[in-house]
Structure formats: structure tokens, C-alpha cells
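Analysis of the macromolecular model
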Amino acid sequence: ALGIERYFRAIVYTEELGREHWKPSPLGFQRLLETLHARPAESVYVADNETKDFIAPNRLGMTTIQVRRPNRLHREPAPSPDAAPKRTIDTIGSLARVLVEF
């Protein structure tokens, strides 16, 4: 729907894996890591929903970054410590600056 496929080497549509593999399931993340031949420690996941987005990548050992835009849709706090992002940013424009730190 976003038309962003051309910007990525790999995309996993968890809808195709079945409902049981939607977030917070780790399967989509594991498939991407395998496809890209990447280790979790050298991978970053960026999202906005603290209630479900960061659980699996955190457990896999990925760096997680939450975009907390002022008018964001998802405002609920993380339901558990492993659901919290490791970093937060206010705009997607600041992502490049934060990625340099990793």
C-alpha cells in the first residue's frame, strides 16, 4: 500500500505466513535475517507500536527504535520490559543520526 518495495532487498509479508505469525511472532524477523544473511546484533528494527512491535526483535537481539511522532496513533506504553524499544526518536528524519551510533 505504501509503494516502498523498491527500497528494500527483502520483505516478509507475515499475512502470508498465517495469523499465528503476525507480530509479536519472531518468524517474520527470522526469515528476514536468514534471507539477508544478517545477524540480529547487526540489525535494526524501526516501528511505532510499543504494545507489539518490539517484542520479537528484542528477544532476537536486534536493536529496536520507536518513532514517536507527536500525532502518532499508538500511545499505549509497553506492556512488559521486553516490549519496550531500546531507543526512541521523534521523527523519521533523525533516524540516520541515531543509526550512526550503532
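Computed from a prediction, not measured in an experiment: that's the story for all the values here. (Residues numbered from 1 in each chain as written. Predicted model: local features only at pLDDT ≥ 70, side-chain atom pairs only at ≥ 80, totals over all residues. Heavy atoms only, no water.)

A surface patch of nonpolar side chains, about 650 Å² in accessible area, is lined by Leu2, Ile4, Tyr7, Phe8, Ile11 and Tyr13. Inspection of the secondary structure assignment puts Leu2 in the segment before α1 (14-17). The exposure class assigned to Leu2 is exposed, which follows from its relative accessible area of 73%. (Patch = residues over 30% accessible without salt bridge, like charges linked within 9 Å, V, L, I, M, F, W, Y side chains within 5 Å. Areas by Shrake-Rupley, 256 points an atom, 1.4 Å probe, with all protein chains shown as cover. Salt bridge = Lys/Arg side-chain N within 4 Å of Asp/Glu carboxyl O. Helix = DSSP H or I, 4+ residues; strand = E, 2+ residues; numbered from the N terminus. Buried < 20%, exposed > 50% of the residue type's maximum accessible area, 1.4 Å probe, protein only.)

Attention now moves to the packing of aromatic side chains. Each pair of aromatic rings is reported with the distance of its centres and the angle of its planes. Going through the model one piece at a time under the given rule, you end up with 2 aromatic pairs. Taking the centre distance of 4.8 Å and the plane angle of 85 degrees together, the rings of Phe29 and Tyr45 count as edge-to-face. Of this pair, Phe29 sits in helix α2 (residues 27-36) while Tyr45 sits in strand β1 (residues 44-47), and the two are 16 residues apart along the sequence. Take Tyr45: its relative accessible area is 17%, and that puts it in the buried class. (Phe/Tyr/Trp six-rings, centres within 6.5 Å; stacked < 30°, edge-to-face > 60°.)

This part is about the sheet that holds strand β3 (residues 87-89). Strand order across the open sheet formed by 3 strands is β1-β2-β3, with parallel pairing between neighbours. Edge positions in the sheet fall to β1 and β3, since each of these pairs with one other strand and no more. Pairwise comparison of adjacent strand axes, ignoring direction, gives a mean angle of 25 degrees for this sheet. By the bridge criterion, 3 bridges tie strand β2 (residues 63-67) to β3 in an arrangement that is parallel. Across the sheet, Val67 pairs through a bridge with Ile89, a residue of β3. (Pairing = 2+ DSSP bridges. Axes fitted to C-alpha atoms, helices over the stretch in contact; angles between N-to-C directions.)

Here the largest pocket is characterised by a volume of approximately 1300 Å³. If you go around the largest pocket, you meet 28 residues; those closest to its centre are Phe8, Ala10, Ile11, Leu32 and Tyr45. Residue assignment for the lining of the largest pocket shows that the elements contributing at least two residues are α1, α2 and β1. Top contributing element to the lining of the largest pocket by residue count: α2, with 5 residues. Class assignment of the residues belonging to the lining of the largest pocket gives a composition of 17 nonpolar, 6 polar and 5 charged. (1 Å grid on protein atoms, 1.4 Å probe; cavity = no way out; pocket = protein on both sides within 12 Å on 5 of 7 lines; lining within 4 Å. Points joined across faces, edges and corners; volume = space filled by probe spheres on them. Nonpolar A, V, L, I, M, F, W, Y, C, P; charged D, E, K, R; others polar.)

According to the stated counting rule, one finds 5 salt bridges in the structure shown. One salt bridge in this structure joins Asp53 and Lys23, with 2.7 Å as the shortest N-O distance. Here Asp53, found in the loop between β1 and α3 (55-60), pairs with Lys23, found in the loop between α1 and α2; they are 30 residues apart in sequence, far enough to count as distant. Judged by its relative accessible area of 2%, Asp53 is buried. The salt bridge partner of Arg59 is Asp82, with a shortest N-O separation of 2.6 Å. Note that Arg59 is positioned in helix α3 and Asp82 in the loop between β2 and β3, a separation of 23 residues in sequence.

Remember, this is a structural readout, not a statement about activity or role.
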